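Below, each chain spelled out in residue letters.
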Amino acid sequence: MSEQRKTISIMVPCYNEEENVVPLSKAIIETIETELPAYDYELLFIDNCSKDNTQALIRELCRQNPKIKAIFNAKNFGQFNSPYHGMCQTTGDCTITMCADFQDPVEMIPQFVKKWEEGYKIVCGIKTASRENPIMYFLRSCYYRTIKKMSAVEQIEHFTGFGLYDKRFIEVLRDLKDPTPFIRGIVAELGFKRCDVEYTQPKRRGGKSKNNWYSLYDAAMLSFTSYTKIGLRLATFVGFGLSALSFLAAIVYLILKLLYWNRFPAGTAPILLAVLLLGSIQLFFIGLLGEYILSINQRSMNRPLVVEEERLNFDTKDEGETE
């Protein structure tokens, strides 16, 4: 009896990617059938409630090929929850996650599988350069280095989640029950034996990027509040330091006023400037504290990662399941 073939799961999160889902599916299937003929595959699209023709195109792909599966979310659940949920629904011996815009090169799939077969449980795609906006790449580099220095947990620079994950790690993800998952931090904190594979990020093939300053800020703050303590510690140290300086300034002012009460200049300008300075510092740290509280609040609500509207090409008993 021949040995059962291993299955590679490819998970692709998408939102308004009507220009990319069909050519991407063809490229993935061609790569696996041509360069990895010894493996079986499943291709899972998880759609985050697209407003264009993406879902209709995915339906047709599923109709033509039973190895292509789909999950349609009831609404848009954000850039972190939907991909994480999709990873947890795969059934292969390993799972490769990649974006739908061709910025995660399909030709790297065989490299990932080779490293996996060498014994690595996680293979991370690391961007060493990007053909996108150089300013954004520079800002991302600064962000990664800053978080890496601040965090007690190892942080992986220029890792977006593109990579291969052994099914044992996928089981870890299923057991986490984290309502606000940050896969990059989870890989660094809880991951198994890991290998990094470098690549140059190409331009988006079609459509427009769904990232904006708000979504990038959301990602940065999730990483900051989940894996660093420096914000709260900084608030404590700065508050203590300013309190000490304010106390010393008050003592000096009182002494000078008593010694030179008739010559010491009066006026509210210095007091007003000091109040404005201290007030602005307080507002900054109150806002920073609010980010931590928001993160705690989201985790304490214990809501599902996503609510599914429909599944395609899953087993009948799985249809309509939510997580």
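Structure: above.
Residues numbered from 1 in each chain as written. Predicted model: local features only at pLDDT ≥ 70, side-chain atom pairs only at ≥ 80, totals over all residues. Heavy atoms only, no water.

Peer 1: Give me the sheet that holds strand S3 (residues 68-73): which residues, what numbers.
Peer 2: Whenever strands of a sheet pair, they do so through backbone hydrogen bonds, lying parallel or antiparallel. Across the sheet, which stays open at both edges, the 8 strands sit in the order S7-S5-S6-S4-S1-S2-S3-S8 with mixed pairing between neighbours. The outermost strands of the open sheet, each flanked by one partner alone, are strand S7 (194-201) and strand S8 (308-312). Mean inter-strand twist for the sheet, computed between neighbouring axes without regard to direction, equals 20°. The pairing of strand S5 (residues 122-130) with strand S6 (residues 159-166) spans 4 bridges and is classified as antiparallel. Considered in S6, the bridge of Ile122 is made with Tyr165. Together, S5, S6 and S7 form the strand contacts of helix H7 (residues 183-190), whose direction differs from that of S6 by roughly 50°. (Pairing = 2+ DSSP bridges. Helix = DSSP H or I, 4+ residues; strand = E, 2+ residues; numbered from the N terminus. Axes fitted to C-alpha atoms, helices over the stretch in contact; angles between N-to-C directions. Contact = heavy atoms within 4.5 Å.)

Peer 1: Lay out the pattern of salt bridges in plain terms, naming residues and giving numbers.
Peer 2: Counted according to the given criterion, the structure contains 9 salt bridges. For the salt bridge of Lys6 with Glu117, the shortest nitrogen-to-oxygen distance reads 3.1 Å. Taken together, the residues span a long stretch of sequence, with Lys6 in the segment before strand S1 (7-14) and Glu117 in helix H4 (residues 109-117) at a distance of 111 residues. We classify Lys6 as partly exposed; its relative accessible area is 36%. One salt bridge connects Glu310 with Arg59, and the closest N-O pair in it is separated by 2.6 Å. Taken together, the residues span a long stretch of sequence, with Glu310 in strand S8 and Arg59 in helix H2 (residues 54-64) at a distance of 251 residues. The class of Glu310 is partly exposed, set by a relative accessible area of 24%. (Salt bridge = Lys/Arg side-chain N within 4 Å of Asp/Glu carboxyl O. Buried < 20%, exposed > 50% of the residue type's maximum accessible area, 1.4 Å probe, protein only.)

Peer 1: Break down the packing of helix H3 (residues 78-88) against helix H6 (residues 167-176) for me, citing the residues and quoting the values.
Peer 2: The N-to-C vectors of H3 and H6 enclose an angle of 125°; their axes lie 9 Å apart at closest approach. By the angle class used here, H3 and H6 are oblique. In this structure, H3 crosses over H6, and the sense of that crossing is left-handed. Residue-level inspection shows Tyr84, Met87 and Cys88 of H3 in contact with H6, the latter providing Ile170, Leu173, Arg174 and Leu176. Tallied by class, residues from the contact of H3 with H6 come to 6 nonpolar, no polar and 1 charged. (Parallel < 35°, antiparallel > 145°, perpendicular 65-115°, else oblique. Left-handed = near helix turned anticlockwise from the far one by under 90°. Nonpolar A, V, L, I, M, F, W, Y, C, P; charged D, E, K, R; others polar.)

Peer 1: Explain the packing of aromatic side chains to me, and be specific about the residues and the numbers.
Peer 2: Going through the model one piece at a time under the given rule, you end up with 4 aromatic pairs. A ring pair is formed by Phe162 and Tyr199, whose centres lie 5.4 Å apart and whose planes are at 85°; its orientation type is edge-to-face. Remark: Tyr199 occurs in strand S7 and Phe162 occurs in strand S6; sequence separation between them is 37 residues. In terms of burial, Phe162 and Tyr199 fall into one category: buried. The interplanar angle of 85° and the centroid separation of 6.4 Å between the aromatic rings of Phe169 and Phe192 together place this pair among those described as edge-to-face. One end of the pair, Phe169, is in helix H6; the other, Phe192, is in the loop between H7 and S7, and 23 residues separate them in sequence. (Phe/Tyr/Trp six-rings, centres within 6.5 Å; stacked < 30°, edge-to-face > 60°.)

Geometric values such as these leave the question of function open.
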